[in-house]
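Okay, here's what each chain looks like letter by letter:
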Amino acid sequence: MRVTARQRWRYRFDNTMSRGTPALIGLLALASLLLVVSVTGLVMLFAPRDVTDTSDALWRSLLRTLDPGTMGGDQGTAPFLALMLLVTVGGIFIVSSLVGVLSSGLDARLALLRKGKSLVVEQDHTVILGWSPSLFTIVAELEQASGGRDVCVAILADRDKIAMEDEIRTRIGRSARLRVVCRTGNPAAPLDLEIIRPDTAAVVIIPTPDVADPDLQVMKMVLALNHREWSDGRPPVVAAIADSTNLAAARLAGPDVTFVDAEDVTARLIVQSRRHPGLSAVCTDLLGFVGEEIHTRAEPDLTGRTYGEVLTEYATATVFGIRDAAGEVVVNPAPHTLLRDGDELIMLAVSKAHIQRASMPARITAEAIASKPITPEPVDATLILGWNAHGPTILRLLDQYLPAGCAITVAAQRLSADSAALLGQFTSIGVTTVGCDPASRPDLEALSPGHFQHVVVLADDAVDDEHADARTLTTLLHLRDLKQRHGHTYAIVGEISDDANRGLAQVTRADDFVVSTKMISLLLAQLARNHHLAAIFAELFDPEGSDIYLKPAGDYLRTDTPATFATVIEAARRRGQTAIGYRRNDQAHRAPEYGVVLNPDPTILLSFSPEDRVVVLAVN
């Protein structure tokens, strides 16, 4: 089929029109120019006596084209007036078309801005890839860590920009120091990544995304980051992996990315909180930017002294580890470990500026140190109510930590096939399962919870966070009522999905709560802000190293003799442990921190009751 000249011009015209507002404005400008020049030529041909010269005719034609309202009051011959009428009518069409084009272009631009596709022009900002329930805690913690400086957080997620901004504003509020920039796009697509300028970012955070297969999305994001070219080197990347079985593959995707094993960390916190209620408050304080923080400090004048000798060297900080010149970290090293050149002390303090050496050694009351042997963990029974993805890891850790002979009863509505197959593979603990709705009062009473020493309530991950927390709160209220009515003594640990519901959970008076998403968010924020602490946190959460324990205060001090916290540090040192704080039992149900005090003043006299606990780092 032969293409005609008309079809060819029509094709070119259509292509020009499809280029958008600039092309349309250009066509209107061309049409205006042709109209003005044509009318000017006709005026000079048919009515030359009505104008002084060509420039006068050109100016009058242009004026009537751009402002058709100037037609009134014109005088001249009939040809001149006819031509002015022609140019005025043409101007009406051109100006009205221009207004329409500008209006449509402005609407299109506003729609584009609402889509969140414009380039982020920032420097040293924090990039967060993907939308996640953890995002709100991360952003709030980054603001807390700013130290009064302005903070910019750029978020790229496959959600509506306006909806993201509204939700962040509702959950976090407004702040003069915090600027959150949201953009819409696929964080795993290389082209969309360029919108938020990762090459100029200070750090990239990848929390667990709110999608069906979060780890697959995380690995795609990591691959997309590794795929792009980095002119000045890639910024540090911190990412969370929800399923421990995917960790090895994730490390292959990003060998130099710092990964947080969310499943293992959460399960470990639940297990340790079951053994030592109040532990989650300790970890929240350690990981958060409010209160005590982890710092490293070089002290050349302490070189040659032992770790045990420097434990009481500080008035406003508590030492709990060493990082050597090669970056190797040892938490709670042996007391006789010598400090060498280049070593740094790891310590707790409000801030680096608050770290001060003691002017004189704190008084140690030797007669107050208890000489009783370490209290062994008793053989007891634990009831686990509910089941989720952390369940298998929790059982494996309980089998690792608990003495032989401990009994575990899992009461849940459903167990996966993999979880059911796992139940017979333990060496120390015995596990049985019971069908039960944890939120049902008759089902709970049928379990006779008074026969157990510990009750752990797991969040249901088969429903949304709000529904899961509602079921957890209902279960905790039933357990509290049963405990009060029948005088039961079991300790209760509950898992909360959303930190916003933690305040509601206080009324249940559980011995401890583990807010899984908040803990992972705090850890991601800490690693994003302080990359050098990655090795320290890895050591703290490493099952092979020293763990955080809340030991009976009577194991360290005689409860009838007041003594300084420096005395507690010395008592723990004699056991090969490091004391970093304590927990008052009488505040357990009234204080948000569950009575936990970290990095206390080593010179203040303390009196402990048998129910109080000392927070220590120990191997077991």
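Residues numbered from 1 in each chain as written. Predicted model: local features only at pLDDT ≥ 70, side-chain atom pairs only at ≥ 80, totals over all residues. Heavy atoms only, no water.

Chemist: Would you mind showing me how to read the overall build of the protein chain here?
Modeler: Scanning the protein chain from N- to C-terminus turns up 20 helices and 22 strands. For 620 residues, the compact-globule estimate of 2.2 N^0.38 gives 25 Å, and the protein chain exceeds it by more than 25% at 35 Å. Taken over 620 residues, the protein chain has a buried fraction of 51%. The long-range fraction of contacts in the protein chain, counting pairs at least 24 apart against all pairs at least 6 apart in sequence, stands at 74%. Summed over its atoms, the accessible surface of the protein chain is roughly 28,700 Å², and 55% of this surface lies on carbon and sulfur atoms. Taking the 58 positively charged and 74 negatively charged side chains of the protein chain as two groups, their mean positions are separated by 5 Å. (Helix = DSSP H or I, 4+ residues; strand = E, 2+ residues; numbered from the N terminus. Rg over C-alpha atoms; globule rule 2.2 N^0.38 Å. Buried < 20%, exposed > 50% of the residue type's maximum accessible area, 1.4 Å probe, protein only. Contact = heavy atoms within 4.5 Å. Areas by Shrake-Rupley, 256 points an atom, 1.4 Å probe, with all protein chains shown as cover. Lys, Arg positive; Asp, Glu negative; His and termini not counted. Charge placed at Lys NZ, Arg CZ, Asp CG, Glu CD.)

Chemist: Would you take a moment to explain the packing of aromatic side chains for this structure?
Modeler: Here a ring pair, both rings aromatic, is described through the centre-centre distance and the interplanar angle of the planes. Under the defined criterion, the tally for this structure stands at three aromatic pairs. Arranged with centres 6.3 Å apart and planes meeting at 50 degrees, the rings of Phe565 and Tyr582 form a pair that is tilted. In this pair, Phe565 sits in helix α20 (residues 565–574) while Tyr582 sits in strand β19 (residues 578–583), placing the two residues 17 residues apart along the sequence. Of the two residues examined, Phe565 and Tyr582, each falls in the buried class. (Phe/Tyr/Trp six-rings, centres within 6.5 Å; stacked < 30°, edge-to-face > 60°.)

Chemist: Looking at this model, I keep getting lost on the sheet that holds strand β6 (residues 258–261). Mind explaining?
Modeler: Neighbouring strands of a sheet are bound in pairs by backbone hydrogen bonds; such pairs are parallel or else antiparallel. Pairing is parallel across the open sheet formed by six strands, whose spatial order is β3-β2-β1-β4-β5-β6. Pairing within the sheet leaves two strands with one partner each, and these edge strands are β3 (178–184) and β6. The mean angle between the axes of side-by-side strands here comes to 20 degrees, regardless of whether they run parallel or antiparallel. As judged from the three bridges shared by strand β4 (residues 203–206) and strand β5 (residues 237–241), these two strands associate in the parallel manner. The residue bridging Val204 from the neighbouring strand is Val237, located in β5. Together, β1 (126–129), β2 (151–157), β3 and β4 form the strand contacts of helix α5 (residues 135–144), whose direction differs from that of β2 by roughly 160 degrees. Contacts between helix α18 (residues 516–529) and the sheet are confined to β4, β5 and β6, with β5 contributing the most and set at about 160 degrees to the helix. (Pairing = 2+ DSSP bridges. Axes fitted to C-alpha atoms, helices over the stretch in contact; angles between N-to-C directions.)

Chemist: What exactly am I supposed to notice about the side chain of Thr137 here?
Modeler: Mapped onto the secondary structure, Thr137 falls in helix α5. On the basis of relative accessible area, Thr137 is assigned to the buried category, the value being 18%. Here Thr137 is in contact with Lys518, Ser521 and Leu522, once residues within four sequence places are set aside.

Chemist: Quick question: what am I supposed to make of unusual backbone geometry here?
Modeler: Excluding glycine, residues mostly carry a negative phi; peptide bonds, for their part, are mostly trans. Unusually for a residue other than glycine, Arg197 sits at a positive phi of about 50 degrees. Inspection of the secondary structure assignment puts Arg197 in the loop between α7 (190–193) and β4. For Asn332, which is not glycine, the phi dihedral falls at a positive 55 degrees. Locating Asn332 in the fold gives a position in the loop between β9 (329–331) and β10 (344–349). Judged by relative accessible area, which is 7%, Asn332 ranks as buried.

Chemist: Any chance you could explain helix α10 (residues 262–275) here in plain terms?
Modeler: Each full turn of the α-helix corresponds to 3.6 residues, which orients residues three or four apart in the same direction. If you check α10, its first and last C-alpha atoms are 20 Å apart, about what 14 residues at 1.5 Å a residue would give, namely 20 Å. Buried residues dominate α10, accounting for 14 of its 14 residues. (Expected span 1.5 Å × (residues − 1).)

Chemist: Explain the side chain of Asp437 here, please?
Modeler: Structurally, Asp437 can be placed in the loop between β13 (430–435) and α15 (441–447). Within the structure, the side chain of Asp437 is placed 2.5 Å from the side chain of Arg471, a separation counted as a polar contact. Non-local contacts of Asp437, meaning those with residues more than four positions away in its chain, are made with Gln413, Asp443 and Arg471. (Polar contact = N/O pair within 3.5 Å; in protein donor to acceptor, adjacent residues only side chain to side chain.)

Chemist: Explain the pairing of β2 here, please?
Modeler: Moving residue by residue along a regular strand, the side chains alternate between the two faces of the sheet. A large share of β2 lies buried, amounting to seven of its seven residues. Burial of the side chains of β2 extends over both faces: Val151, Val153, Ile155 and Ala157 are buried on one face and Cys152, Ala154 and Leu156 on the other. Two strands pair when backbone bridges link them, and β1 and β2 are joined in this way by four bridges, in the parallel orientation. Across the sheet, Val127 pairs through a bridge with Ala154, a residue of β2. Relative to β3, β2 is paired through seven bridges, and the arrangement is parallel. Bridging from a neighbouring strand, Leu156 pairs with Arg183 of β3. Crossover β2 to β3 through helix α6 (residues 161–172) is right-handed. (Right-handed = clockwise from strand over helix to strand, strands pointing away.)

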